[in-house]
Amino acid sequence: MQPANHHLAEFNFGTLKYDWDDPRVAEFADNLDRVNAIAEAADGFVRRMGDEEMEAGQTALTGVFNGNPRTASTLSVWETVESLEHFVWNTVHKQFYAKRRNWFKADGNSNFVMWWVPHGHTPDLQEAMQRFEHWKDHGNSDHAFDWSHLPHVKMWQEQRCG
């Protein structure tokens, strides 16, 4: 259950099979702005880490991704689980999610975690990666969780692709 005065943070990341300018990932790369614009216009969207800050975090040699230039990631905050759920499964995002294996390496492709953040808190990549590592090491808890930790949320089971 969502704590009072909290929003939902979500973090997902993966490693592209090819460089960003490779034609084999062009459909993904060319539609990032479109998908992000749909997210930002969605009911319940609060914020996402901006492109420049995210790119700097993805390519920093001492950062959470060890400077891997093929990293793609998103860190966003939503008013509720239901608002994120609607964006993920009821917009064009679902089509791109269905094609993820075309662009991303299969190993480590389920790099996704959610957690509650107090209203006004802006998570950073270090916090996000710490939550992901906690989830990976300990499984679902109120500290870090995936869709299965939220029994009232069902679209991820009913509509997920592949």
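Just above sits the structure.
Values in this document were obtained by computation on a predicted structure and should not be read as measured data.

**Some remarks on unusual backbone geometry**
In this model, asparagine 5 sits at a positive phi of 60°, which is unusual for a non-glycine residue. Among the secondary structure elements, asparagine 5 is positioned in the segment before β1 (6-15). What makes asparagine 5 exposed here is its relative accessible area of 56%. Although it is not a glycine, asparagine 66 sits at a positive phi angle of roughly 55°. As for its position among the elements, asparagine 66 is in the loop between α3 (51-59) and β3 (71-78).

**Comments concerning helix α2 (residues 32-41)**
Among all positions in α2, only Val35, Asn36 and Ala39 are buried. What you see down the axis of α2 is that its buried residues fit within an arc of 100°, all on one side. Exposed residues pointing more than 90 degrees away from the buried face of α2 are listed as Asp33 and Ala41. Where α2 is buried, its residues meet β2 (45-48), α3, β3, α4 (81-90) and α5 (93-98).

**Comments concerning the nonpolar core**
Among the nonpolar cores identified, the biggest contains 26 residues, and Leu84, Met114 and Trp147 are the most heavily contacted of them. Per-element tally for this core: the top contributor is α4, with 5 residues. Not counting chain neighbours up to four residues away, the residues in contact with leucine 84 comprise Leu8, Glu10, Trp78, Met114 and Trp147. One finds Trp115, Val117, Met129 and Trp135 within the second-largest nonpolar core, a separate group that totals 17 residues.

**Points about the sheet that holds β2**
Across a sheet, strands are paired by hydrogen bonds formed along the backbone, either parallel or antiparallel in direction. Across the sheet, which stays open at both edges, the 4 strands sit in the order β2-β3-β1-β4 with antiparallel pairing between neighbours. Edge positions in the open sheet fall to β2 and β4 (111-118), since each of these has one partner strand only. Each neighbouring strand pair of the sheet contributes to a mean axis angle of 20°, computed without reference to strand direction. Note: β1 against β4, 8 bridges, orientation antiparallel. The partner of histidine 7 across the bridge, within β4, is valine 117. Across the face of the sheet, α3 comes into contact with β2 and β3 while running at roughly 135° to β3.

**Some words on the side chain of glutamate 10**
Turning to its location among the elements, glutamate 10 is positioned in strand β1. Polar side-chain contacts of glutamate 10 include one of 2.8 Å to the side chain of asparagine 12. At 2.6 Å, the side chain of glutamate 10 and the side chain of serine 76 are in polar contact.

**Points about the pattern of salt bridges**
Evaluated as defined, the whole model comprises 6 salt bridges. Between lysine 99 and glutamate 27 there is a salt bridge whose closest N-O contact spans 2.7 Å. Highlighted residues: lysine 99 in the loop between α5 and α6 (100-103) and glutamate 27 in helix α1 (residues 26-30), separated in sequence by 72 residues. By relative accessible area, glutamate 27 is classed as partly exposed at 36%. Salt bridges sharing partners connect three or more residues here, namely Glu40, Arg48 and Asp51.

**With respect to the packing of aromatic side chains**
Taken as a whole, this structure holds 14 aromatic pairs when the rule is applied. Considering the side-chain rings of phenylalanine 13 and phenylalanine 132, the 5.0 Å spacing of their centres and the 80° angle between planes classify their relative orientation as edge-to-face. In this pair, phenylalanine 13 is assigned in strand β1 and phenylalanine 132 in helix α7 (residues 125-138), connecting sequence segments 119 residues apart. Where phenylalanine 45 meets tryptophan 78, the ring centres are 5.3 Å apart and the plane angle is 85°; that geometry is what we call edge-to-face. Here tryptophan 78 lies in strand β3 and phenylalanine 45 lies in strand β2, a separation of 33 residues in the sequence.

Cut-offs applied
Residues numbered from 1 in each chain as written. Predicted model: local features only at pLDDT ≥ 70, side-chain atom pairs only at ≥ 80, totals over all residues. Heavy atoms only, no water. Helix = DSSP H or I, 4+ residues; strand = E, 2+ residues; numbered from the N terminus. Buried < 20%, exposed > 50% of the residue type's maximum accessible area, 1.4 Å probe, protein only. Arc of directions from axis to C-beta. Contact = heavy atoms within 4.5 Å. Core = buried A, V, L, I, M, F, W, Y, C linked by side-chain atoms within 4.5 Å. Pairing = 2+ DSSP bridges. Axes fitted to C-alpha atoms, helices over the stretch in contact; angles between N-to-C directions. Polar contact = N/O pair within 3.5 Å; in protein donor to acceptor, adjacent residues only side chain to side chain. Salt bridge = Lys/Arg side-chain N within 4 Å of Asp/Glu carboxyl O. Phe/Tyr/Trp six-rings, centres within 6.5 Å; stacked < 30°, edge-to-face > 60°.

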